Amino acid sequence: MSMSPIRVSDHSSVPRVALAAVDASPQKSLTVSSPVSWPIPDGLRMLNHGSYGIVPRYVRARQAELRELMDADPVHWFKVELEPRADRARAAIAGLLGCDPEGVTFMPNATFGVATVIQSLDLGAGDEIVATDQEYKATLNELERLNKRRGVVIRIAETNAPKVSDEEIVETTMAQVTDRTRLVIMSHIASNSAIVMPAAELSRRCRERGVAVLIDGAHGPGQVGIDLREMAPTYYAASGHKWLCTPKGSGFLYAEAGAREGITPLALSCRTADVRPERASYLSDFDYIGTGDFTPNLVAPDAIAHLSAQDEGGFAGLQRRNHEMVVEGARRIADRCGIALASGVDRFASMVTIILPSRSDGAAGAHYDDPIWDTLIEKWRIQVPVWGLPLTGERVVRVSAHLHNRLGDYDALAEALATELEAERVAGLHG
Ligand SMILES: Cc1ncc(COP(=O)(O)O)c(C=O)c1O
């Protein structure tokens, strides 16, 4: 029987820029204070740092070293190395966010953090959860499941942010709170609109009412200064891979001292039943949730140190720089295209949304939410999301800034958008 030869690889249909990026070798020459080197291919303008983040080569190198250790002796790694390394990482996270390290457990991402809280609370028929209309789809899915399976009532506060003030957002949310409310959920930075939400004020108001509050901080750490002691939420869930630039599959959950007991992983490991007088189960249960690669969270101290070393002002300076760049960039885009930002610039951190003319055909792109998003990446090599705001569906483009961006990225997007919006207008697509 003759067999056709195996083709080892045929990259002819793979976009050129994607191939140029692949470089998995650990680069030991990179030090913590080296300028950040990003694996972004030449020619790609990355204006969507927010969705998945980008991992600097330095951080990838440190993660590769940890993986080497893990694979050299996995038994030693999982039984001896893991917990002290997790403690080192939680100390770094707690230092950045101003909280008690004992309150920090690691998660693969914010989605897990939010679901862990929702599923850990012992809720049943008649209990209520309040969430704002700005919440991420995964949160809404989790709430819908809770409603279907356990009859928990979900009350959505239609805040209509960012059209309204922070005060109105808080009032509308609190108006949904009743004597049966067991949890209130608000994003720290809303996904689609990118505005910083009034998380501290909401926490204060919930505390006054004696209701637990979960802040979904997926986009918080690394974009804004956070002092969890001051914000004082009951729970704060976050992703590391977005703005802390840790590898994919990193995040954490913070719970205040009185709220840690009863918070259990979505999957219980073989260690869960162990009684450890020297270690709270809140820590040990989450440090090992079955065999897996925990290195994305274990390199958090390296990522934080590397990013902090990039600006004289440390992390705060970096956040300021990113904010200033994205605001200037967004203004240039708005001016060039004759459009407006979705809100005042002081409500944004390192991401800004700009309102686009709506499309009358409501078409989606082949790969992304909006046809223009597809065009921007395929024709202009600009990666930037175009989607709708919650409640109104208003069409926006969300731009971001991190150290890999230059003002030329926003100028390029301004030209591209001006061209493509004009083409839509001529085609009669603007309703
Ligand atoms: C507000 C918010 N929450 C949660 C998530 C989910 O993040 P992850 O995929 O890292 O869990 C996102 C993602 O963009 C988000 O914007």
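Refer to the structure presented above.
Worth saying up front: this structure is predicted, and the values here are computed from it rather than measured.

Analysis parameters
- Residues numbered from 1 in each chain as written.
- Predicted model: local features only at pLDDT ≥ 70, side-chain atom pairs only at ≥ 80, totals over all residues.
- Near = placed C-beta within 6 Å.
- Nonpolar A, V, L, I, M, F, W, Y, C, P; charged D, E, K, R; others polar.
- Pairing = 2+ DSSP bridges.
- Helix = DSSP H or I, 4+ residues; strand = E, 2+ residues; numbered from the N terminus.
- Right-handed = clockwise from strand over helix to strand, strands pointing away.
- Axes fitted to C-alpha atoms, helices over the stretch in contact; angles between N-to-C directions.
- Expected span 1.5 Å × (residues − 1).
- Buried ≥ 20, exposed ≤ 12 C-beta atoms within 10 Å, placed from the backbone.
- Contact = placed C-beta atoms within 7 Å.

Caption draft 1: Region of the structure containing the site of the ligand. The environment of the ligand is made up of Ser-51, Asn-109, Ala-110, Thr-111, Tyr-136, Ala-138, Ser-187, Ser-191, Asp-216, Ala-218, His-219 and Ser-239. When the residues that make up the shell around the ligand are grouped by side-chain class, the tally is four nonpolar, seven polar and one charged.

Caption draft 2: Up close: the pairing of strand 4 (residues 153–157). The pairing of strand 3 (residues 128–132) with strand 4 spans five bridges and is parallel. Considered in strand 4, the bridge of Ala-131 is made with Ile-156. Assessed by its sense of winding, the connection that carries the chain from strand 3 through helix 6 (residues 137–150) to strand 4 is right-handed.

Caption draft 3: Focus on the sheet that holds strand 12 (residues 395–400). Ordered in space as 9-12-11, the three strands form an open sheet in which the pairing is antiparallel. This sheet does not close on itself; its edge strands, each paired only once, are strand 9 (351–355) and strand 11 (386–388). In this sheet, adjacent strand axes meet at a mean angle of 40° when their direction is disregarded. In this structure, strand 11 lies alongside strand 12, joined through three bridges in antiparallel fashion.

Caption draft 4: Here's a closer look at helix 15 (residues 407–426). Taking 1.5 Å of rise per residue, 20 residues should cover 28 Å, and helix 15 covers 29 Å from first to last C-alpha, within 8% of that figure. When helix 15 is considered as a whole, its buried residues turn out to be Asp-409, Tyr-410, Leu-413, Ala-414, Ala-416 and Leu-417. Here the buried face of helix 15 lies against strand 1 (45–46), helix 13 (314–337), helix 14 (371–378), strand 10 (382–383) and strand 12. Note on helix 15: the residue one or two positions beyond its end, Gly-428, has a positive phi of about 70°.

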